[in-house]
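Topology and contacts: notes
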Amino acid sequence: MPTAPRLVLLDSVITLNDRLAQALPLETYPFTIGRARDCHLIIDHTQVSRLHACLEYDHEQVVLTDLNSTNGTFVNGERLVPGQQKRLRAGDKINLAQVCTLEFDDPGTTVQMLPVEVPLKGLALDDDGAQVTIDGKRLDPPLSPSQFALLSLLVRNEGRIVTREDVRLYVWGEEEEVTDQTIDALVSRLRKRLDETDPQHEYVLTRRGFGLSFRNKNSPRPPVGDCL
């Protein structure tokens, strides 16, 4: 009987790390998944990003993070927000870019009576409630509607450049005339609110001559020249 957590391939037997496998024990953390040859789990498929996702061991639980993949990481049918950690339970189904499905198997969790809550790391959006949380703590007071709209635009384009024109169209719309100074003031106010809650991390980055980009905790730095 296996005692360590492992990933079980559900779709079919495919070549993983240059060998046929149907189950892979999680013996090293962080455990990276992707197309790159230095990943712990290599899935050689064009739909899978070079660095697609990562598994970490935190607070005696295994957590999964999407590394800003192009085609997404899904847990039980729900797409993960890039950079946001998802605590895994035994039996969870992990789908990578709609290419293959893995099941998380952790025999140790069957003897646990109460789950251990893992604090979320980084920034997460609640679109329905127009709320923002950082490291599991909600921003209070909430962001203004324009600040939330700007942050939403940046988060949804994490790792890519967002231009002034992108901001103007998304926050104010086509009919509104907005100056660069107005946009700069909005960016400054948003940065101040985020810095008040988490001064140790810079979420909104400026690429001079290009625009803005968003980088969550545990996310790779945005590549140079990557634009919308």
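Residues numbered from 1 in each chain as written. Predicted model: local features only at pLDDT ≥ 70, side-chain atom pairs only at ≥ 80, totals over all residues. Heavy atoms only, no water.

Some details on the overall build of the chain
Put simply, the rule is: Strands here mean DSSP runs of E at least two residues long; helices mean DSSP runs of H or I at least four residues long; both are numbered from the N terminus. Exposure categories follow from relative accessible area, calculated using a 1.4 Å probe and restricted to protein chains: below 20% of the type maximum is buried, above 50% is exposed, and the middle band is partly exposed. Pairs of residues are marked as contacts when any of their non-hydrogen atoms sit within 4.5 Å.
If you tally the helices and strands in the chain, you get three helices and 18 strands. For the chain, buried positions account for 45% of its 228 residues. When contacts within the chain are restricted to residue pairs at least 6 apart in sequence, long-range pairs at least 24 apart make up 45% of them.

Some details on the pattern of salt bridges
The condition is simple: By salt bridge we mean one thing: a side-chain nitrogen of Lys or Arg within 4 Å of a carboxyl oxygen of Asp or Glu.
This structure, assessed with the given rule, holds eight salt bridges. We note a salt bridge from Asp105 to Arg6, for which the minimum N-O separation is 3.0 Å. Note that Asp105 is positioned in strand S13 (residues 100-105) and Arg6 in strand S1 (residues 6-9), a separation of 99 residues in sequence. Classification of Arg6 by relative accessible area gives partly exposed; the value is 27%. It is possible to trace a salt-bridge network through shared partners that takes in Asp135, Asp198 and Lys217.

A few points about the confidence of the model for the chain
For residues with low pLDDT, the predicted coordinates do not support detailed interpretation. For clarity, the cut-off: Confidence per residue, as judged by the predictor, is encoded in pLDDT with a range of 0 to 100.
Averaged over all residues, the pLDDT of the chain equals 83, while 83% of them reach at least 70. The low-confidence segment residues 110-118, where pLDDT is below 50, has 13 contacts with residues more than four positions distant or belonging to other chains.

Some thoughts on the pairing of strand S7 (residues 53-58)
Regular strands place side chains that alternate from one sheet face to the opposite one. Heads up, the condition is: A pair of strands is considered paired only if DSSP assigns at least 2 bridges between the two.
The pairing of strand S5 (residues 31-34) with S7 spans three bridges and is antiparallel. Residue pairing in the sheet places Thr32 in a bridge with Cys54 of S7. Linking S7 back to strand S8 (residues 61-66) in an antiparallel pair, the connection comprises two residues, with His59 at a positive phi of about 50°.

Some words on the sheet that holds strand S16 (residues 137-138)
Formally: Axis angles are defined between N-to-C directions and span 0 to 180 degrees, where every axis is a line fitted to C-alpha atoms and, for a helix, only to the segment in contact.
Pairing is antiparallel in the open sheet, where three strands are placed in the order S14-S15-S16. Lying at the two open borders of the sheet, with one neighbouring strand each, are strand S14 (123-126) and S16. With four bridges joining them, S14 and strand S15 (residues 131-134) adopt antiparallel strand pairing. Paired with Leu125 across the two strands is Val132, which belongs to S15. Relative to the sheet, helix H1 (residues 145-156) contacts S14 and S15, its axis offset from that of S14 by approximately 120°.

Considerations on the packing of aromatic side chains
Given two aromatic rings, one states the distance between the centres and the angle between the planes to describe the pair. Condition: Classification of ring pairs uses Phe, Tyr and Trp, with its six-membered ring standing for Trp, and accepts pairs whose centres are within 6.5 Å; under 30 degrees between planes counts as stacked, over 60 as edge-to-face, and the remaining range as tilted.
In the structure shown here, the tally under the stated rule is two aromatic pairs. Here Tyr29 and Tyr57 contribute two aromatic rings whose centre-to-centre distance is 5.6 Å and whose plane-to-plane angle is 35°, an arrangement assigned as tilted. Taken together, the residues Tyr29 in the loop between strand S4 (23-25) and S5 and Tyr57 in strand S7 connect sequence positions 28 residues apart. Its relative accessible area of 28% is what places Tyr29 among the partly exposed residues. Arranged with centres 6.0 Å apart and planes meeting at 20°, the rings of Tyr203 and Phe214 form a pair that is stacked. Placement of the pair is Tyr203 in the loop between helix H3 (180-197) and strand S17 (204-207) and Phe214 in strand S18 (residues 211-214), with a sequence separation of 11 residues. Across this residue pair, the class does not change: Tyr203 and Phe214 are buried.

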